[in-house]
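Secondary and tertiary structure notes
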Amino acid sequence: MDDASIDLQRAARDAAYSMPLEEINPGDPELFRTDTMWPYFERLRKEDPVHWSVSPYEDVGGYWSVTKYNDIMAVDTNHGVFSSEPTIVLPDPADDFRLPMFIAMDQPKHDVQRKTVQPIVAPNHLAYLEPIIRERAGKILDDLPIGEEIDWVDKVSIELTTMTLATLFDFPWEDRRKLTHWSDVATSAPESGILGTTDPDEHEERRRQTLFECVDYFMRLWNERVNAPPQPDLISMLAHGESTRNMDRMEYLGNLILLIVGGNDTTRNTISGSVLALHQNPDQDRILRADPGMIPNMVSETIRWQTPLAYMRRTALQDTELNGKTIKAGDKVAMWYVSGNRDDEVIERPNDYWIERPRVRQHLSFGFGIHRCVGNRLAELQLKIIWEEILARFPRIEVVGPPKRVYSSFVKGYEHLPVVIPTRN
């Protein structure tokens, strides 16, 4: 970490501990863009683990932040009290642009829709995908220049995950980068500038237009596959599934966005995060390179350390108590996975990146209960493969500048990560 980064972290710590507790708003995307949210969550875990704050954004308003591991588990597994409807993010959906998706549904509808797509990540299908992913990962890495600065996010993380996602959808190969764009747009804030404007109203208009282009594209694929025999791809599964074949346009779009973001954003940000984490922790890089058998451990530790989705929202269905606080029916509740993964009462040395960590799979990044990430094994598989192929080729990957982080408190990720690969094996 350079001097400027150290100064930024010190200033953030001073601000976090000098601010009146009631003014702390951990959902401020600027904290995530600057990677300065850590002391705010640290203070909340110590002083106010179930914390009420009010966002300046009208569509968010007041919400509870749950910041400790065991409290998050209690919310995530109590589906009778904490509902996933109408959405899993803090901003409320606009009345004229609601996107139903199974992750934002309660039982029983959630269960039957999730079951429709579950075969795509069944063990037999992962075994089919593994050699395909490996061949692509090898080609991506073999095409990288030596000794030149590249953007790892674009050249590797996005490319591998978008290829995999295109395969899951049986999506036209030449248009696969549309999936990346739609994923970015779906979760974007106006301040990101991703749609060429930072004006909130204009951004939202362009965002809707882009997502309608997404669903129109996928409607053409749906119409092709609904009239053909069932195939083992996500669109065919949805088109022929008993619980999904009669979805309206907005529910189809909602589930598409869920599958695109879930299959693209999270894995790609963890791939980028693994390069950054090993660069920042050269002792762990040496351990990994001395024993490639540590790759599965490293993958799990990176998923905890990165926490690619920082939180999930629930809505209280009834008055309830959590860690001494009364949560009223209708209140929003944010389960801050990113904070629970740093809870020192549950996780040893939580701020360390430690690939030899005991119980390394003990983390919150995939969630728990009925909404546990459906694609967690596929994400782990892609990370495992890319690192097996990296170690076979490159003695070192050097991060040569600060990462540019996503302006979001939901997707915890990277827009750019400049690296140089000095030599090949």
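This text goes with the structure placed above it.
For the structure given in this document, a descriptive report is provided here. (Residues numbered from 1 in each chain as written. Predicted model: local features only at pLDDT ≥ 70, side-chain atom pairs only at ≥ 80, totals over all residues. Heavy atoms only, no water.)

On to the overall build of the protein chain. Scanning the protein chain for helices and strands turns up 15 helices and twelve strands. Scaling as 2.2 N^0.38, a compact globule of 425 residues should have a C-alpha radius of gyration of about 22 Å, and the protein chain matches this with 21 Å. For the protein chain, the C-alpha atoms occupy an extent of roughly 55 × 55 × 40 Å along the three principal directions. Residues counted as buried form 57% of the 425 residues belonging to the protein chain. (Helix = DSSP H or I, 4+ residues; strand = E, 2+ residues; numbered from the N terminus. Rg over C-alpha atoms; globule rule 2.2 N^0.38 Å. Buried < 20%, exposed > 50% of the residue type's maximum accessible area, 1.4 Å probe, protein only.)

Our focus in this paragraph is the sheet that holds strand E9 (residues 398–399). Hydrogen bonding along the main chain pairs the strands of a sheet, whether they run parallel or antiparallel. Taken together, three strands build an open sheet; the order of strands is E4-E12-E9 and the sheet is antiparallel. The open sheet terminates on both sides in strands that have one partner only, identified here as strand E4 (149–151) and E9. Looking at chain direction, E4 and strand E12 (residues 418–420) are connected through three bridges and run antiparallel. Across the sheet, the residue bridging to Ile150 is Val419, located in E12. Relative to E4, helix H7 (residues 152–169) is tilted by about 45°, and along the sheet it contacts E4 and E12. (Pairing = 2+ DSSP bridges. Contact = heavy atoms within 4.5 Å. Axes fitted to C-alpha atoms, helices over the stretch in contact; angles between N-to-C directions.)

Right, let's get into the sheet that holds strand E3 (residues 82–83). Strands sit in the order E1-E2-E8-E5-E3 across an open sheet of five strands; the sheet is mixed. With one partner strand each, in any of the chains shown, strand E1 (50–54) and E3 form the two edges of the open sheet. Here E3 runs beside strand E5 (residues 311–316); their pairing, made up of two bridges, is antiparallel. Paired with Phe82 across the bridge in E5 is Ala316. The strands touched by helix H4 (residues 69–76) are E1, strand E2 (62–66), E3, E5 and strand E8 (332–336); relative to E8, the strand with the most contacts, the crossing angle is about 130°.

Attention now moves to the nonpolar core. Residues Trp152, Phe169, Phe218 and Trp387 are the most contacted members of the largest nonpolar core, which totals 125 residues. Looking at this core, the element that brings in the most residues is helix H11 (residues 249–280), giving 14 residues. Sequence-distant contacts of Phe218, defined by excluding residues within four places in its chain, comprise Phe169, Phe171, Leu179, Trp182, Ile235, Tyr252, Leu256 and Ile260. (Core = buried A, V, L, I, M, F, W, Y, C linked by side-chain atoms within 4.5 Å.)

Its location among the elements puts Trp336 in strand E8. Put simply, Trp336 and Asp14 are 322 residues apart on the chain and 22 Å apart in space, counted from C-alpha to C-alpha. Apart from the residues within four sequence positions on either side, Trp336 is in contact with Pro26, Gly27, Phe32, Phe41, Tyr63, Ser65, Val66, Thr67, Ile72, Ala310, Tyr311 and Ser409.

The next thing to look at is helix H12 (residues 282–290). Residues lying three or four places apart along an α-helix face the same way, a consequence of the helix completing one turn every 3.6 residues. Buried residues of H12: Gln284, Asp285 and Leu288, and no others. One side of H12 carries all its buried residues, which in axial view fall inside an arc of 105°. Set apart from the buried face of H12 by more than 90 degrees, the exposed residues are Arg286 and Ala290. (Arc of directions from axis to C-beta.)

Turning our eyes to something else, we now look at the pairing of E5. Burial analysis of E5 places six of its six residues in the buried class, the great majority of the element. The alternating pattern of E5 places Tyr311, Arg313 and Thr315 on one face and Met312, Arg314 and Ala316 on the opposite face, and all of these are buried.

We now examine the environment of Ser183. Along the polypeptide, Ser183 turns up in helix H8 (residues 177–186). Overall, Ser183 belongs to the buried group, its relative accessible area being 1%. Considering only alpha carbons, one finds Ser183 and Val156, 27 residues apart in sequence, at a separation of 17 Å. With near-sequence residues (within four places) excluded, Ser183 lies in contact with Ile260, Val261, Asn264 and Asp265. Among the polar contacts made by the side chain of Ser183, one reaches the side chain of Asn264 at a distance of 3.5 Å. (Polar contact = N/O pair within 3.5 Å; in protein donor to acceptor, adjacent residues only side chain to side chain.)

Honestly, it's all geometry; don't read function into it.
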